Amino acid sequence: MKHLIVGTAGHIDHGKTALVKALTGIDCDTHQEEKRRGITINLGFAHLALGNGMTVGVVDVPGHRDFVHTMVSGSSGIDIALLVIAADEGIMPQTREHLQIMEILGIKSGIIALNKCDKVDATALKAQRGSIAEFVHNTFLENAPVCDVSSTMGTGITELRATIASVAANVQERSLGQVFRMYIDRIFSVSGFGTVVTGSVKGGSLKVNQTAFLLPANKEVRVRRLERFGEEIAEILAGDRASCNLVGLSKDDFKRGMLIADRPLNHTKMFDARVTLFTNSRPLSIWTHVILLKDTYETQARIHLLDADTLAGGAAALVQAHVDDPCVARSGDRFVIRSSSGDATLGGGEIIDASPLHHRRRPPSLINGLITIASGELHKRIAAQVQKHLFGIRVTGLAETLNCATGEIEQALSDDINNGIVTYGPPDGRFLISASNNDLLVGDIKKTIQSYHASHPLEKKGRTHEELLGALGITDSPGRETFLALILQDLVKSGALCKAGHTYILPDHTVVLSPDQSALAAKVEAFVAAYGMQAPLPAELLKKADTLLINAPQLHSVLKYLTDSGVLYAIEGTYVHSRIVDECRKKLVLALRDKKEGITIAGFRDLVSGNRKICLLLMAIYDREGTTERRGDVRVITEKGMDRAHHY
Ligand SMILES: Nc1nc2c(ncn2[C@@H]2O[C@H](COP(=O)(O)OP(=O)(O)O)[C@@H](O)[C@H]2O)c(=O)[nH]1
Ligand SMILES: [Mg+2]
């Protein structure tokens, strides 16, 4: 069964409420004031069995010009428009206004009910049909069926119901893969139950006992009970008129215009959109104060024209809307703008980007980007969003931004392999980055490592993951660490990078000494070796180097090289030649093999005939490499040390 909502529209007194009653038996004008004044003020709700097993929700809206904002909030969630035109009066101001609004809201299907047929003769009826055909030309109702009815007499009601059924059969349902969103249109308390809110489900689904969120405050609630068409139900779906009994908050926390979602969502104070003005609208200047209506939400807003300096009636422009009250918006959402005094509907549009940067200037690149997104199919919108993220975006985050399911994104990516997007990671944690940003990022990674190699030519190692994060300036979010790890993994796999210990190096990085450097290395080595058991202090080394015309950086890189390649040992800033370390180790290990109680520093000094300082350094080296272990005042041999002893 499809889940769809039919909504009325049309001028006041043309019989919308009477027609809903004739179709459903439900009187939507239930309020005292509505009864007294004989007009609809609030939204009315009913449900209509179509006779084919299918039931649709019905929203009845007011036709009075003072309640256009109520009409917009009711019409925002509907799938099929039921435009009611009284045969005796014909097309009137709110007939026009409501049609324009429904066009702007993106409603695609509808039916025209030519009501009060009992009041006119056949000739007048024919004339009305002629003017209606002209009126709906070039609108979504151009090919809509026109049904002659009389709500009070009951004429044509059966035929109208059958027409609604056949139109409903051709309407595409809303997506269930989306985030669950329901904008609140009514709030009430039911004694013993708590707060109940109602609305039209815009997308996704919600189950009983699930956790939901009241937005934009992002407050958590539990779903205790759900109803559709007045009957309890376990799950509500996109396209349902539903009521939700929610626990966890008080009734005062809820306001019309807020929304219930199945996850926390960001709200925004601005979005980019394409706005179209009604043909009869007054023009907009570059900045215009308006009232902005989106679903059941209403706010003061300023509209900033991006690709035009003024906008005339009937024309369209790209805009950035700045709203006074936080708004939960998704790309593709529709909205209506009215004059700031609320006396005229100006037009409306579709949100292109719900998380834009603040556009103070309006460069052509910005405009072109927006045009691409606005006109584009899903893969173009994906490409445009992904391009904004220099360091990639998670597929889940992208799905939320684009208001679609992750599966739809995966599908769009596999449909079009050449759309310039590179993906990293497993499906559930996939990151997307544009090919051009990926090239830049990979280039930056290589450059960072390259420049490290260049400034440390005698070092075998490169840069660690953490050092790269810092060097690339991507330290601000934990997700990006994962992203960089995935890229590095990929680069190692493809051979673009290699690992050296915990660091990443370029594959062609080798430490090759030039003849000059070799000569230098030989000099420094000989010089350290000459000290024998007198380990040179760093300052002494520098002084000696100076006399050999070796500067400090040269000395350091050569020392690093000699240490990396095992010729020298570096400990506590002091260098000891490996020959000394090896000779003394042999003596120590052989002595300790038969001396399980261990050896003191004094004993070690006697063994190797060295000064106290070098003996302390050597013992530190043997401890570090695991040959010996300190036990109070003595060093004992370890298992690893015993292994070594066997080789001597
Ligand atoms: N003669 C006649 N009167 C109708 C018909 N439909 C509605 N009316 C009357 O027109 C008035 C306005 O109807 P209502 O449903 O409140 O109009 P709405 O403002 O469009 O909701 C009421 O007095 C109805 O009884 C009809 O088909 N024939
Ligand atoms: Mg009414």
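Preceding block: the structure.
Residues numbered from 1 in each chain as written. Chains lettered and ligands numbered in written order. Predicted model: local features only at pLDDT ≥ 70, side-chain atom pairs only at ≥ 80, totals over all residues. Heavy atoms only, no water.

**Q** Residue-level account of the overall build of the protein, with values.
**A** Scanning the protein from terminus to terminus reveals 20 helices and 31 strands. For 648 residues, the compact-globule estimate of 2.2 N^0.38 gives 26 Å, and the protein exceeds it by more than 25% at 38 Å. With respect to the principal axes defined by its C-alpha atoms, the protein has extents near 125 × 55 × 40 Å. For the protein, with 648 residues in total, the buried portion stands at 51%. Accessible surface, the protein as shown: approximately 29400 Å² in total, 51% of it carbon and sulfur. Here the protein contributes 73 positively and 73 negatively charged side chains, and the mean placements of these two sets differ by 5 Å. (Helix = DSSP H or I, 4+ residues; strand = E, 2+ residues; numbered from the N terminus. Rg over C-alpha atoms; globule rule 2.2 N^0.38 Å. Buried < 20%, exposed > 50% of the residue type's maximum accessible area, 1.4 Å probe, protein only. Areas by Shrake-Rupley, 256 points an atom, 1.4 Å probe, with all protein chains shown as cover. Lys, Arg positive; Asp, Glu negative; His and termini not counted. Charge placed at Lys NZ, Arg CZ, Asp CG, Glu CD.)

**Q** Any details on empty space enclosed by the protein? Residues and values, ideally.
**A** Enumeration according to the criterion identifies four cavities of 30 Å³ or more in this entry. Volume-wise, the largest cavity comes out at about 80 Å³. S73, S76, G77, Y183, D185, S200, K202, D295 and T296 are the residues that line the largest cavity. When residues of the lining of the largest cavity are traced back to their parent elements, those giving at least two are β7 (181-190) and β8 (194-203). Class assignment for the residues of the lining of the largest cavity results in one nonpolar, five polar and three charged. (1 Å grid on protein atoms, 1.4 Å probe; cavity = no way out; pocket = protein on both sides within 12 Å on 5 of 7 lines; lining within 4 Å. Points joined across faces, edges and corners; volume = space filled by probe spheres on them. Nonpolar A, V, L, I, M, F, W, Y, C, P; charged D, E, K, R; others polar.)

**Q** Talk me through the side chain of R381; I want residue IDs and the actual numbers.
**A** With respect to the helices, strands and loops of the structure, R381 is situated in helix α8 (residues 378-387). Within polar-contact distance, the side chain of R381 engages the side chain of S331 at 3.5 Å. Of note is the side chain of R381, whose polar atom sits 3.1 Å from the backbone oxygen of L402. (Polar contact = N/O pair within 3.5 Å; in protein donor to acceptor, adjacent residues only side chain to side chain.)

**Q** Can you lay out the site of ligand 1 for me, pointing to particular residues and giving the numbers?
**A** Close to ligand 1 lie 16 residues; D13, K16, T17, A18 and S151 are nearest. Within the backbone of H14, a nitrogen or oxygen atom sits 3.3 Å from an oxygen atom of ligand 1. Between ligand 1 and T152 there is a distance of 2.9 Å, counted from a nitrogen atom to a side-chain nitrogen or oxygen. Protein burial of ligand 1: of its 570 Å² of free accessible surface, 77% is covered by the chains. The element contributing the most residues to the shell around ligand 1 is helix α1 (residues 16-24), with three residues. Looking at the shell around ligand 1, its residues break down into two nonpolar, nine polar and five charged. (Near = heavy atom within 4 Å.)

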